[in-house]
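Structure assessment
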Amino acid sequence: SPCVKIKIGRDKVKTERKKVLEYLKVKNIQLRLDGNNLFNCDELIEFLKDMPIDRIQYIEDPFKNIKELIKYNQKYNEGNLPPVSLDNHIKAELISFECVQFATLKPNFIGGLSKVITLALELKKNNIHSIISSSFETEMGINSLNKLNLQFPNLFFQPPGLDTLRYFKPEINK
C-alpha cells in the first residue's frame with residue numbers, strides 16, 4: 001500500500017497529531033513518521049495515543065538518547081506501539097532491541113553503494129528491514145538509488161524514501 005513519510009516533533013504536539021490523524025483518514029495508506037531525535041519515550045507514547053498503530057509502519061529516529069530507546073523497547077514488548085527505524089544511529093548494540101525492525105539507509109552518509117549492500121545484508125541476518133533513502137540527492141543520485149533498490153528487491157523494503165527532488169531545479173542535461 002502507498003506510504004507517506006511525515007516529519008514530527010518540530011511543532012506543537014496538538015498540531016502535529018492533527019496532521020497525522022488527517023493523513024490516517026486516507027484509506028489504505030501507511031505512515032512513516034520521522035521523529036528527528038526530538039522525543040523522549042513518554043512524549044512519543046502520548047503523541048501516539050489512540051492512533052491506529054497498524055497504519056504506522058515505523059517511527060524513524062524518534063529519541064533524544066539511547067536511554068529513551070531502551071525505555072521504549074520495554075514498553076514496545078508490552079504491545080501496541082509501532083516499531084522503530086534507525087538511520088544515523090545504526091549500531092550493533094541497538095539492532096538487538098525488539099522495537100528496532102527497520103533501518104533507513106542513506107548511501108551518502110554510509111559511504112557508498114557497496115557499503116549499503118553489505119550493511120543491508122548484515123541487518124537482514126538480524127531480521128531488520130532496510131530501506132533505501134535519499135538525503136538531498138540530485139536527479140542522477142535519486143535515479144541511482146532507485147536502480148539499486150530495484151536491483152535488490154529482496155534486500156530492500158519497499159517503497160524507498162526518495163522524495164527530495166522537489167527541492168532542486170530540474171537538471172539541465174535531460
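Starting afresh in each chain, residues are numbered from 1 along the sequence in its written order. The predicted origin of the model limits local features to residues at a pLDDT of at least 70 and limits the giving and counting of side-chain atom pairs to 80 or more, whereas totals for whole chains, interfaces and linings rest on all residues. Side-chain descriptors were evaluated using all non-hydrogen atoms of the structure, hydrogens and water having been removed beforehand.

**Brief notes about the sheet that holds strand S1 (residues 3-7)**
The condition that has to hold: Whether two strands pair comes down to DSSP finding at least two bridges between them. Secondary structure is summarised from DSSP: a helix means a run of H or I of at least four residues, a strand means a run of E of at least two, and numbering begins at the N terminus for each. An axis is simply a line fitted to the C-alpha atoms; with a helix, the fit covers only the stretch in contact. Between two such axes, the angle follows the N-to-C directions and lies from 0 to 180 degrees.
The six strands lie next to each other as S1-S2-S3-S4-S5-S6, forming an open sheet whose pairing is parallel. Lying at the two open borders of the sheet, with one neighbouring strand each, are S1 and strand S6 (129-132). Adjacent strand axes in the sheet meet at a mean angle of 30° when their direction is disregarded. Here strand S2 (residues 30-34) pairs with strand S3 (residues 56-60) via four bridges, running parallel. In the strand pairing of S3, Leu33 is matched with Ile59.

**Quick word on the nonpolar core**
For clarity, the cut-off: The definition of a nonpolar core used throughout is a set of buried Ala, Val, Leu, Ile, Met, Phe, Trp, Tyr and Cys residues joined through side-chain atoms within 4.5 Å. When a residue's accessible area, from a 1.4 Å probe over protein chains only, is under 20% of the maximum for its type it is buried; when over 50% it is exposed; and in between it is partly exposed. Any pair of residues with heavy atoms lying within 4.5 Å of one another is described as a contacting pair.
With 39 residues, the main nonpolar core has Val20, Leu33, Leu48 and Tyr72 as its most contacted residues. For Val20, the contacting residues outside a window of four places in its chain are Ile6, Ile8, Leu31, Leu33, Phe47 and Met51.

**Looking at the packing of aromatic side chains**
Short version of the rule: Geometry of aromatic contacts follows a simple scheme: Phe, Tyr and Trp rings, the Trp one being its six-membered ring, pair when their centres are within 6.5 Å, and the pair is stacked under 30 degrees between planes, edge-to-face over 60, tilted otherwise.
Counted by the stated rule, this structure contains four aromatic pairs. Ring geometry for Tyr58 and Phe102: centres 4.9 Å apart, planes at 40°, overall tilted. Separated by 44 residues along the polypeptide, Tyr58 in strand S3 and Phe102 in strand S5 (residues 100-105) bring together distant segments of the chain. One exposure class covers both Tyr58 and Phe102, and it is buried. Three or more aromatic residues joined by ring pairs form one cluster here, namely Phe63, Tyr72 and Tyr76.

**Brief notes about the confidence of the model for the protein**
Rule in force here: Confidence of the prediction at every residue is given by pLDDT, a number between 0 and 100.
Summing up the model confidence of the protein, the mean pLDDT is 85 and the portion of residues at 70 or higher is 90%. Note on residues 164-174: pLDDT is under 50 here. Beyond four places in sequence and across chains, it has 15 contacts.

**Details of the environment of Pro107**
Mapped onto the elements, Pro107 comes out in helix H4 (residues 107-110). The buried category is assigned to Pro107, whose relative accessible area is 5%. When the C-alpha positions of Pro107 and Lys14 are compared, they lie 34 Å apart, and in sequence the two are 93 residues distant. For Pro107, the residues in contact, after removing those within four places along its chain, are Gly112, Leu113, Val116, Ser133 and Leu145.

**Some points on the side chain of Gln30**
Inclusion rule: The term polar contact refers here to a pair of N or O atoms within 3.5 Å; inside protein, the definition further demands a hydrogen-donor-capable atom paired with an acceptor-capable atom, and it admits residues adjacent in sequence only when both atoms are side-chain atoms.
With respect to the helices, strands and loops of the structure, Gln30 is situated in strand S2. Within polar-contact distance, the side chain of Gln30 engages the backbone oxygen of Asp54 at 3.3 Å. Other than its neighbours up to four places away in sequence, Gln30 contacts Ser1, Pro2, Cys3, Val4, Asp54, Arg55, Ile56 and Gln57.

**Let's talk about the pairing of S5**
The buried fraction of S5 amounts to five of the six residues, a majority that puts the element mostly inside the structure. Bridge count between strand S4 (residues 84-86) and S5: three bridges; the pairing is parallel. In the sheet register, Leu86 faces S5, and the bridge partner there is Ala103.

**Section: the pattern of salt bridges**
Note the threshold: Counted as salt bridges are all cases of a side-chain nitrogen of Lys or Arg within 4 Å of a carboxyl oxygen of Asp or Glu.
According to the stated counting rule, one finds eight salt bridges in the structure shown. Across the pair Asp34 and Lys7 runs a salt bridge, and its minimum N-O distance is 3.0 Å. Taken together, the residues Asp34 in strand S2 and Lys7 in strand S1 connect sequence positions 27 residues apart. Asp34 gets classed as buried once you look at its relative accessible area, which sits at 3%. You can call Lys7 partly exposed: its relative accessible area is 35%.

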